[in-house]
Amino acid sequence: MNSPEPITEPLERAGLARRLVALAYDSLLVSALLFAFLLALFMARGAHGSGPPAKPWIWVSAAAVSALFFCGFWTHGGQTSGMRAWRIRVVREDGGPVGWGAALLRFVGAWASALPLGLGYWWSLFDPQRRCWHDRLSRTAVIFEPNRRR
């Protein structure tokens, strides 16, 4: 898949509600992916018993799967499935495609934005450019894509 060219027209920033609904949609997909990954991992290792996994590497590998999901989509087209459904896209500040470094920084920053009661996300309601903390940290923006089928 080719990376999209930088956008030359003015970028309309996506609002918080649209972003959160897309994130909820993607969270369902990631949850299913993690369930399948962890099930396969436990079956391959012959794990028995109940309760949460005690090994740190299991949590690290689950975080890596989540990071690959989001960063892979952001670097290849700028959209996860939820973002595509809600017509929003992640781009660099100049409108160009996001690279792996910015995508990883954005992923880690998104967790930091979410942890203090979502304060990093709520920030976008007061930010003049509608950017969350992780947008600013990674020098990216989430833009609204108008319906081009007209």
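Residues numbered from 1 in each chain as written. Predicted model: local features only at pLDDT ≥ 70, side-chain atom pairs only at ≥ 80, totals over all residues. Heavy atoms only, no water.

1. A closer look at the overall build of the protein chain
Using the following cut-off: Every helix listed is a DSSP run of H or I at least four residues long, and every strand listed is a run of E at least two residues long, numbered separately from the N terminus. Exposure is judged per residue with a 1.4 Å probe applied to protein chains only, and the accessible area is read against the type maximum: over 50% gives exposed, under 20% gives buried, and values in between give partly exposed. Any pair of residues with heavy atoms lying within 4.5 Å of one another is described as a contacting pair. With residues, only the protein chains shown are counted as cover, and all accessible areas are computed by Shrake-Rupley using a 1.4 Å probe.
Along the protein chain, the regular secondary structure elements total 6 helices and 2 strands. Starting at the N terminus and ending at the C terminus, the protein chain contains elements arranged as α-α-α-β-α-α-α-β. Expressed as a percentage of the 150 residues in the protein chain, the buried residues total 37%. For the protein chain, long-range pairs separated by at least 24 residues make up 72% of all intrachain contacts whose partners lie at least 6 apart in sequence. Total accessible area on the protein chain stands at roughly 9400 Å², and carbon and sulfur atoms take up 66% of it.

2. Considerations on the pairing of strand β1 (residues 88–92)
What counts, and what does not: A pair of strands is considered paired only if DSSP assigns at least 2 bridges between the two.
Counting buried residues in β1 gives 4 out of 5 residues, a clear majority hidden from the surface. The pairing of β1 with strand β2 (residues 140–144) spans 5 bridges and is classified as antiparallel. Bridging across to β2, isoleucine 88 finds its partner in phenylalanine 144.

3. A closer look at the packing of helix α2 (residues 56–75) against helix α4 (residues 100–114)
Packed helix pairs are specified by the crossing angle of their axes together with the interaxial distance, meaning the distance between the axes. To keep it simple, the criterion reads: Between N-to-C directions, angles span 0 to 180 degrees; the directions come from axes that are lines fitted to C-alpha atoms, helices contributing only their stretch in contact. The scheme is simple: roughly parallel for angles under 35 degrees, roughly antiparallel for over 145, roughly perpendicular for 65 to 115, oblique for anything else. Helix crossings fall into two classes, left-handed where the near helix is turned counterclockwise from the far one by less than a right angle and right-handed where it is turned clockwise.
Where α2 contacts α4, the axes come no closer than 9 Å and their chain directions differ by 130 degrees. With respect to α4, the element α2 is oriented oblique. Regarding α2 and α4, the two cross each other, and that crossing is right-handed. Together, Ala63, Ser66, Ala67, Leu68, Phe70, Cys71, Gly72, Trp74 and Thr75 of α2 and Trp100, Ala103, Leu104, Arg106 and Phe107 of α4 make up the contact between the two elements.

4. Here we look at the packing of helix α1 (residues 16–45) against α2
For the record, the criterion: Think of it as three bins: nonpolar holds Ala, Val, Leu, Ile, Met, Phe, Trp, Tyr, Cys and Pro, charged holds Asp, Glu, Lys and Arg, and polar takes everything else, Gly as well.
Running from N to C, α1 and α2 point in directions that differ by 140 degrees, and their axes come no closer than 10 Å. Between α1 and α2, the angle falls in the class oblique. As for how α1 packs across α2, the hand of that crossing is right-handed. Of the residues in α2, those touching α1 at Leu23, Asp26, Leu29, Val30, Leu33, Leu34, Phe37, Leu38, Leu41, Phe42 and Arg45 are Trp57, Ile58, Ser61, Ala62, Val65, Ser66, Phe69 and Phe70. Taken together, the residues of the contact of α1 with α2 break down into 15 nonpolar, 2 polar and 2 charged.

5. Side note on the side chain of serine 113
Stated precisely, the cut-off is as follows: Throughout this description, a polar contact denotes any pair of N or O atoms lying within 3.5 Å of each other; where both atoms belong to protein, one of them has to be capable of donating a hydrogen while the other can accept it, and for residues adjacent in sequence the pair is counted only when both atoms sit in side chains.
Mapping serine 113 onto the fold places it in helix α4. A polar side-chain atom of serine 113 sits 2.9 Å from a polar atom in the side chain of histidine 134. Non-local contacts of serine 113, meaning those with residues more than four positions away in its chain, are made with Gly118, Leu119, Gly120, Tyr121, Trp133 and His134.

6. Concerning α4
A turn of α-helix holds 3.6 residues, and therefore any two residues three or four places apart point the same way. Keep this limit in mind: By this rule, a helix spans an expected 1.5 Å times one less than how many residues it contains.
When the terminal C-alpha atoms of α4 are compared, their 21 Å separation across 15 residues agrees well with the 21 Å that a helix rising 1.5 Å per residue should span. Restricting attention to buried positions, one finds in α4 the residues Ala103, Arg106, Phe107, Gly109, Ala110 and Ser113. The inward-facing, buried residues of α4 abut α1, α2, β1, α5 (119–122), α6 (133–138) and β2.

7. A closer look at the packing of aromatic side chains
Between two aromatic rings, the relevant description is the distance of the centres plus the angle of the planes. Where we set the bar: For this analysis, a ring pair means two rings from Phe, Tyr or Trp (six-membered ring only for Trp) whose centres lie within 6.5 Å, classed as stacked if their planes differ by under 30 degrees, edge-to-face if by over 60, and tilted for the remaining angles.
In total, this model carries 5 aromatic pairs according to the counting rule given. Their ring planes at 35 degrees and their centres at 6.1 Å tell us that phenylalanine 70 and phenylalanine 107 sit as a pair that is tilted. Here phenylalanine 70 is found in helix α2, whereas its partner phenylalanine 107 is found in helix α4, with 37 residues between them in sequence. The buried category is assigned to phenylalanine 107, whose relative accessible area is 11%. Each member of the aromatic cluster is reached from another via a ring pair, and the members are Phe69, Phe70, Phe73, Trp74 and Phe107.

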